[in-house]
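Working through the structure, step by step
Take a look at the letters that make up each chain.
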Amino acid sequence: MKPILKKLPNGLRILLVPMTGNKTVTVMSLVQTGSKYETKKITGLSHFLEHMMFKGTTKRPTALAITSELDGLGAECNAFTGQEYTGYYVRGLAEHTEQFIDVIADIYQNPTFPKAELEKEKGVIVEEINMYHDMPDEIADEQLMELMYGDTPAGWNIAGTTEVVRSMKQSNFIRYVSDHYTATATTIVISGGIDTLKTTNLIKKYFKSIRTTKKHDKKKVVEKQSAPQLSVFKKSTQQTHMIFGFRSIDLSSNQQPALSVLSAILGSGMSSRLFQKLREEMGVCYYVYSRNQSLTDHGIFRIGAGVTNARTTEVVREIINEIKTLLRDGVTADEIIKAKSIIIGRGALGLESSQSWGMYYGMQAVHDLPLQTRADYEKKINAVTQTDIMTIAKQVFTNNNLNLSIVGPSVETTKIKTILKLGE
């Protein structure tokens, strides 16, 4: 399927992904704002706002009015917040496309942020934060971001803090929407069984009142590190959870395919190097993974695992040794072939719905990237060479990029500091 991207005179972008024969549709609004667009006084507001957008509009005055309408159409709705984007979507039968567009447009353009609902939702958000604080793997990731980026938007928790959440006022939401939810920052994505001309006209009709004020931007991330860094949080847990974080590449880098293949070799699938070493050979963990997260101005390559408490130091040493071995000996042709098959095969499995295709192209559009078809992406993956992989490996896996976050009941901090290095 070939996506269609249009830009209206007011700056609003329309992204259509027609899927012939598909009986469902996903209607999604994506906006270029998230936790990295916040200040310390309103940290967590992007996420809180995501909740409040469903609490009532001028046309649908209550949350129940919104959910009852969508339930009556057999549809589902939800939202999500990242560091650099926020999204709202409805998906259901394609025959209800116009009504779905109407609902999303109403939520996006006409939220009322009722004060009573705001006060109640504070309790919900606080409990969400508390829930994550009970999850050691989430603590490890939050701690990693703070370790790498400190007291900056990139280092803050997307959900914010309980203190700031409790201090939020209606005026904060009104001002934030006015600053960020503008036409030039917004992409409307509609994927599934659609008529492209009719759908375009419906978007123009229902989004005619979208704000056209100037979009506020974010501060660029500044990378600063000169030696390996370690952060340890003591918590009574049955496992010790660790996440290695390496400073990597941003979304625009042409090394993305090579880094994806490298990640698959290390930690994707049960035959990957880390799975074989930690689970099959050592028997110290249930889960282990590697993955790269790239954003517009920086990237983080993570290696994570939940391991036996008593063998934490040993596991850290083995992960470091696996990286050293890769840097020294390289990767094999068989590993490269297998990694490419994992990326292409699992990618295809993840693109079986109108929502997944909308997200695939929508994430490219909201980050101002040239739209890349799946065929184009697979071609780039297949073109990755051993030299490409080793070039990015040597670029990412250095002492100046190395960070480790650990959460567990008993961590040998001094010993781990001595082995947390990839070379002199």
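Residues numbered from 1 in each chain as written. Predicted model: local features only at pLDDT ≥ 70, side-chain atom pairs only at ≥ 80, totals over all residues. Heavy atoms only, no water.

Counted by the stated rule, this structure contains one cavity of 30 Å³ or more. In terms of lining, the largest cavity is formed by Ala264, Ile265, Ser268, Ser271, Ser272, Arg273, Glu335, Lys338 and Ile342. It is helix H12 (residues 333-349) that provides the largest number of residues to the lining of the largest cavity, a total of three residues. Split by residue class, the lining of the largest cavity holds three nonpolar, three polar and three charged. (1 Å grid on protein atoms, 1.4 Å probe; cavity = no way out; pocket = protein on both sides within 12 Å on 5 of 7 lines; lining within 4 Å. Points joined across faces, edges and corners; volume = space filled by probe spheres on them. Helix = DSSP H or I, 4+ residues; strand = E, 2+ residues; numbered from the N terminus. Nonpolar A, V, L, I, M, F, W, Y, C, P; charged D, E, K, R; others polar.)

This part covers the pattern of salt bridges. Enumeration according to the criterion identifies 24 salt bridges in this entry. Among the ionic pairs, Glu69 bridges to Arg60, the shortest N-O distance being 2.6 Å. Of the two residues examined, Glu69 and Arg60, each falls in the buried class. Glu281 serves as the salt-bridge partner of Lys277, at 3.0 Å between the closest nitrogen and oxygen. Within this pair, Lys277 and its partner Glu281 are both found in helix H10 (residues 273-281), separated by four residues, close to a single helical turn. Under the relative-accessibility criterion, Glu281 is labelled exposed at 56%. Sharing partners across several salt bridges, the network here consists of Lys59, Arg60, Glu69, Asp102 and Asp106. (Salt bridge = Lys/Arg side-chain N within 4 Å of Asp/Glu carboxyl O. Buried < 20%, exposed > 50% of the residue type's maximum accessible area, 1.4 Å probe, protein only.)

Attention now moves to the pairing of strand E1 (residues 4-7). Relative to strand E2 (residues 13-18), E1 is paired through four bridges, and the arrangement is antiparallel. Each residue of the ladder has a partner; that of Ile4, found in E2, is Leu16. In this antiparallel pair of consecutive strands, E1 and E2, the connection spans five residues, and Gly11 shows a positive phi of 100 degrees. (Pairing = 2+ DSSP bridges.)

The next point concerns the layout of surface pockets. The computed volume of the second largest pocket comes to approximately 550 Å³. Of all elements in the fold, only helix H5 (136-149) and helix H7 (170-180) reach the threshold of two or more residues within the lining of the second largest pocket. Among the elements that line the lining of the second largest pocket, the one with the most residues is H7, at five residues.

What follows is about the side chain of Asp102. By secondary structure assignment, the location of Asp102 is in helix H3 (residues 97-109). Of note is the side chain of Asp102, whose polar atom sits 2.8 Å from the side chain of Lys59. Setting aside its immediate chain neighbours within four residues, Asp102 contacts Lys59, Arg60 and Tyr206. (Polar contact = N/O pair within 3.5 Å; in protein donor to acceptor, adjacent residues only side chain to side chain. Contact = heavy atoms within 4.5 Å.)

A few words now on the sheet that holds strand E10 (residues 299-308). Ordered in space as E7-E11-E8-E10-E9, the five strands form an open sheet in which the pairing is mixed. The outermost strands of the open sheet, each flanked by one partner alone, are strand E7 (229-234) and strand E9 (285-294). Along the sheet, successive strands turn relative to each other by an average axial angle of 10 degrees, direction set aside. Packing against the sheet, H5 makes contact with E7, strand E8 (239-247), E9, E10 and strand E11 (402-408), and its axis sits at approximately 30 degrees to E8. (Axes fitted to C-alpha atoms, helices over the stretch in contact; angles between N-to-C directions.)

What follows concerns the packing of aromatic side chains. In the structure shown here, the tally under the stated rule is 16 aromatic pairs. Ring plane angle 75 degrees and centroid distance 4.9 Å describe the contact between Tyr360 and Tyr361, whose orientation is recorded as edge-to-face. This pair shows no difference in class: Tyr360 is buried, exactly as Tyr361 is. (Phe/Tyr/Trp six-rings, centres within 6.5 Å; stacked < 30°, edge-to-face > 60°.)

Turning next to the sheet that holds strand E5 (residues 86-93). What the six strands build is an open sheet, ordered E1-E2-E6-E3-E5-E4; its pairing is mixed. Sheet topology places E1 and strand E4 (76-81) at the edges, where each strand pairs with a single neighbour. For this sheet the average axis-to-axis angle between neighbouring strands, irrespective of direction, equals 15 degrees. Its contacts with the sheet put helix H13 (residues 354-366) on E2, strand E3 (24-31), E4, E5 and strand E6 (186-192), and the angle it makes with E3 is roughly 25 degrees.

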